[in-house]
Amino acid sequence: RPARDPPAVSYTHLVLEDGRSTPSPWLNVVANDQFGFHATAEGAGYTWWRNSRDNQITPWRNDPVSSPVSEAIYVRDDVTGRLCSPTASPVPGRRHVASHGFGYTRFTHQTDEIELEQTLFVAPEDPVKLSLLVVRNHSRVTRRLRVTAYAELVLGMDRTQTSRHLITELDPETRALMVRNPWSQQFADQVVFLDLAGRQESWTGDRGDFLGVHGSTDMPLAVSGGRPLSGTVGPGLDPCAAMQQGIEVGPGATVELLVVLGAGRDVEQARDLILRYRDVNPRAVLADVREAWQRRLSVARVDVYKRQLVGS
């Protein structure tokens, strides 16, 4: 008897409760021909361009025990000071759901009547990673929230070797945060960028300033303190890319934010990508991704037949 056709949208999901995790890494590899990332059950991390080993944008760490994060989104309530994240790491909550689909991963979490939904995917052809954050207010009062996007930077194979060479800057034309590694032997041409669709209100390229002297990604000082980011950029820093935006979400209302992490071969290409994806509808891009995967998966079909054995 032939098997049924596969559904148009297929995914698997896992519920993480009370700080629990999977016994071993459970991840999704999302990529186009040149650009991609890993997403685990606990969160997002490890983005690359052109070479997944030699040109890591954010670091890959083979540590399934501590599972350190290299990218994160933080949401802080400016009234209560409570900090949360759509992903189970770095800020674990009572219940997180991770859903891996073909060409995307989605994380959902709800706390204090605020529901967070983060969908991660890569543009079909461009070196751009999109993170669509949906914030829903299920309470009866307006909520003032501060959203911070953070990425630890490598731009090479080993962060311990490349970090001292990275230069962060705020682009005067787009106000996106850019970073270069002019000492790279293979990819000195690239310009990596982080953008909040042009709505960023503060930023920093200094990881030490962001985390604090004794801080960590679980509770970075720059986020927990409720102050705007310092605006520190330049060479000679412990580099990162972090941007922040304040939002108000009315009772029963929904607000969407787009975080874009990408790379270009020079400043002009980076600017072109930044401006292009400020005007794009991210849901339309995701629809294109799903359609492309459906075309790939519909090429082959496996028919399963049952055969009754004689005498059974």
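Residues numbered from 1 in each chain as written. Predicted model: local features only at pLDDT ≥ 70, side-chain atom pairs only at ≥ 80, totals over all residues. Heavy atoms only, no water.

Engineer: Kindly report on the pairing of strand β7 (residues 95–101), identifying the contributing residues and their values.
Structural biologist: Among the seven residues that make up β7, six are buried, leaving the element largely enclosed by the rest of the structure. Note: β7 against strand β8 (residues 104–111), six bridges, orientation antiparallel. In the sheet register, Ser-99 faces β8, and the bridge partner there is Arg-106. The antiparallel pairing of β7 with β8 creates a hairpin that spans two residues between the two strands, and Gly-103 there sits at a positive phi of about 90°. (Buried < 20%, exposed > 50% of the residue type's maximum accessible area, 1.4 Å probe, protein only. Helix = DSSP H or I, 4+ residues; strand = E, 2+ residues; numbered from the N terminus. Pairing = 2+ DSSP bridges.)

Engineer: With reference to specific residues and values, describe the environment of Gln-269.
Structural biologist: Along the polypeptide, Gln-269 turns up in helix α4 (residues 267–279). Expressed as a C-alpha distance, the spacing of Gln-269 and Gln-190, which sit 79 residues apart in the sequence, is 9.5 Å.

Engineer: Lay out unusual backbone geometry in plain terms, naming residues and giving numbers.
Structural biologist: Cis geometry is found at the peptide bond from Ser-89 to Pro-90, where omega equals 15°. Inspection of the secondary structure assignment puts Pro-90 in the loop between β6 (83–84) and β7. A positive phi angle, near 50°, is found at Asp-112, a position not held by glycine. If you trace the backbone, Asp-112 turns up in the loop between β8 and β9 (114–122). Even without being glycine, Leu-155 reaches a positive phi, approximately 55°. Along the chain, Leu-155 turns up in the loop between β11 (143–152) and α1 (159–162). A residue is classified by how much of its surface remains accessible, and Leu-155, at 1% relative accessible area, is buried.

Engineer: Can you tell me about α4, naming the residues and giving the values?
Structural biologist: Given 3.6 residues per turn, any residue in an α-helix points the same way as the ones three and four places further on. Taking 1.5 Å per residue, 13 residues should reach 18 Å; α4 reaches 19 Å between its end C-alpha atoms and fits that length. Within the span of α4, buried status applies to Ala-270, Arg-271, Leu-273, Ile-274 and Tyr-277. Down the axis, α4 shows its buried residues gathered within 160° of arc, on one side only. The exposed residues of α4 that point more than 90 degrees off its buried face are Glu-268 and Asp-279. The secondary structure elements touched by the buried residues of α4 are β10 (128–137), β13 (177–180), β14 (191–195), β17 (254–264) and α5 (282–297). Put simply, Asp-266 is the residue that caps the front of α4, since its side-chain oxygen is 3.2 Å from the backbone nitrogen of Glu-268. (Expected span 1.5 Å × (residues − 1). Arc of directions from axis to C-beta. Contact = heavy atoms within 4.5 Å. Polar contact = N/O pair within 3.5 Å; in protein donor to acceptor, adjacent residues only side chain to side chain.)

Engineer: Explain the side chain of Glu-152 residue by residue, including any values.
Structural biologist: The residue Glu-152 is located in strand β11 in this model. A distance of 3.0 Å separates polar atoms of two side chains, one belonging to Glu-152 and the other to Arg-159. Setting aside residues up to four positions removed in sequence, Glu-152 forms contacts with Ile-57, Thr-58, Pro-59, Arg-61, Val-69, Ser-70, Arg-159 and Arg-207.

Engineer: Tell me what's going on with the sheet that holds strand β2 (residues 27–31), and back it up with residues and numbers.
Structural biologist: Ordered in space as β2-β3-β4, the three strands form an open sheet in which the pairing is antiparallel. The outermost strands of the open sheet, each flanked by one partner alone, are β2 and β4 (44–49). Along the sheet, successive strands turn relative to each other by an average axial angle of 15°, direction set aside. Examined bridge by bridge, strand β3 (residues 35–40) and β4 share five bridges and lie antiparallel to one another. For Gly-36, the partnering residue across the bridge sits in β4 and is Trp-48. (Axes fitted to C-alpha atoms, helices over the stretch in contact; angles between N-to-C directions.)

Engineer: Now, about the pattern of salt bridges: what can you tell me, with residues and values included?
Structural biologist: Scanning all chains against the criterion turns up 25 salt bridges. Salt-bridge contacts for Glu-117 lead to Arg-136; the nearest nitrogen and oxygen are separated by 3.7 Å. A residue pair is termed long-range when its members are at least 10 positions apart, and Glu-117 in strand β9 and Arg-136 in strand β10 qualify at 19 residues. Judged by its relative accessible area of 23%, Arg-136 is partly exposed. The salt bridge partner of Arg-283 is Glu-256, with a shortest N-O separation of 2.5 Å. Highlighted residues: Arg-283 in helix α5 and Glu-256 in strand β17, separated in sequence by 27 residues. Residue Arg-283 is classed as partly exposed on the basis of its relative accessible area of 39%. Linked through salt bridges whose partners overlap, the residues forming this network are Arg-61, Glu-152, Arg-159, Arg-207 and Asp-238. (Salt bridge = Lys/Arg side-chain N within 4 Å of Asp/Glu carboxyl O.)

Engineer: Let's hear about the packing of aromatic side chains: which residues, and what values?
Structural biologist: Centre distance and the angle of the planes are the two values used to describe a pair of aromatic rings. In this structure the tally under the stated criterion is five aromatic pairs. An angle of 35° between the planes, with centres 5.3 Å apart, marks the rings of Tyr-46 and Trp-48 as tilted. On the accessibility criterion, Tyr-46 (9% relative accessible area) is buried. The interplanar angle of 55° and the centroid separation of 6.4 Å between the aromatic rings of Tyr-46 and Trp-60 together place this pair among those described as tilted. Taken together, the residues Tyr-46 in strand β4 and Trp-60 in the loop between β4 and β5 (71–77) connect sequence positions 14 residues apart. Ring-pair connections join several aromatic residues into one group, and the members of that group are Tyr-46, Trp-48 and Trp-60. Looking at Arg-50, its charged tip hangs above the ring of Trp-49, at a distance of 4.0 Å from the centre. Over the aromatic face of Phe-37 sits the side chain of Lys-129, whose NZ or CZ is 4.4 Å from the ring centroid. (Phe/Tyr/Trp six-rings, centres within 6.5 Å; stacked < 30°, edge-to-face > 60°. Lys NZ or Arg CZ within 6 Å of the ring centre and 35° of its normal.)

Don't take any of this as a statement about function, it's just geometry.
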